[in-house]
Amino acid sequence: MTSSIPWSLLKVKPLLDEVIDLLERRGLLDSTCFVEKVGAPDERVVRDVASLKGEKA
């Protein structure tokens, strides 16, 4: 299943493992990126969202 509609989920870091599992089950993990601290000097963009699994909030 692919989605052509862009979605944004905010404030998900405490639930990140569960969100990653859901995205994987829905077949959306490959088209997902994780962005935190948008606009800040330490902004981070991660395209391999699965690599974030297990990361502490």
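As shown above, the structure is provided for reference.
To start, this report covers the structure provided alongside it. None of these values were measured; they are calculated from a predicted model.

Definitions and cut-offs
- Residues numbered from 1 in each chain as written.
- Predicted model: local features only at pLDDT ≥ 70, side-chain atom pairs only at ≥ 80, totals over all residues.
- Heavy atoms only, no water.
- Helix = DSSP H or I, 4+ residues; strand = E, 2+ residues; numbered from the N terminus.
- Buried < 20%, exposed > 50% of the residue type's maximum accessible area, 1.4 Å probe, protein only.
- Patch = residues over 30% accessible without salt bridge, like charges linked within 9 Å, V, L, I, M, F, W, Y side chains within 5 Å.
- Areas by Shrake-Rupley, 256 points an atom, 1.4 Å probe, with all protein chains shown as cover.
- Salt bridge = Lys/Arg side-chain N within 4 Å of Asp/Glu carboxyl O.

So, on to the environment of A40. Assignment of secondary structure puts A40 in the loop between β1 (34-36) and β2 (44-46). With a relative accessible area of 28%, A40 lands in the partly exposed category. Residues A40 and D17, spaced 23 residues apart in sequence, show a C-alpha to C-alpha distance of 24 Å.

What follows deals with a nonpolar patch on the surface. Where nonpolar side chains cluster on the molecular surface, the patch consists of V35, V38 and V45 and spans about 250 Å² of accessible area. With respect to the helices, strands and loops of the structure, V35 is situated in strand β1. For V35, a relative accessible area of 36% translates into the label partly exposed.

According to the stated counting rule, one finds six salt bridges in the structure shown. Residues E55 and K13 are paired through a salt bridge, measuring 3.2 Å at the closest nitrogen-oxygen approach. Within this pair, whereas E55 is found in the segment after β2, its partner K13 is found in the segment before α1 (16-25), the two being separated by 42 residues in sequence. The salt bridge involving K37 is made with D42; its shortest N-O contact spans 3.3 Å. A residue is classified by how much of its surface remains accessible, and K37, at 47% relative accessible area, is partly exposed. The partly exposed category is assigned to D42, whose relative accessible area is 43%. One network of salt bridges, in which partners are shared, links K13, E36, R44 and E55.

Honestly, it's all geometry; don't read function into it.
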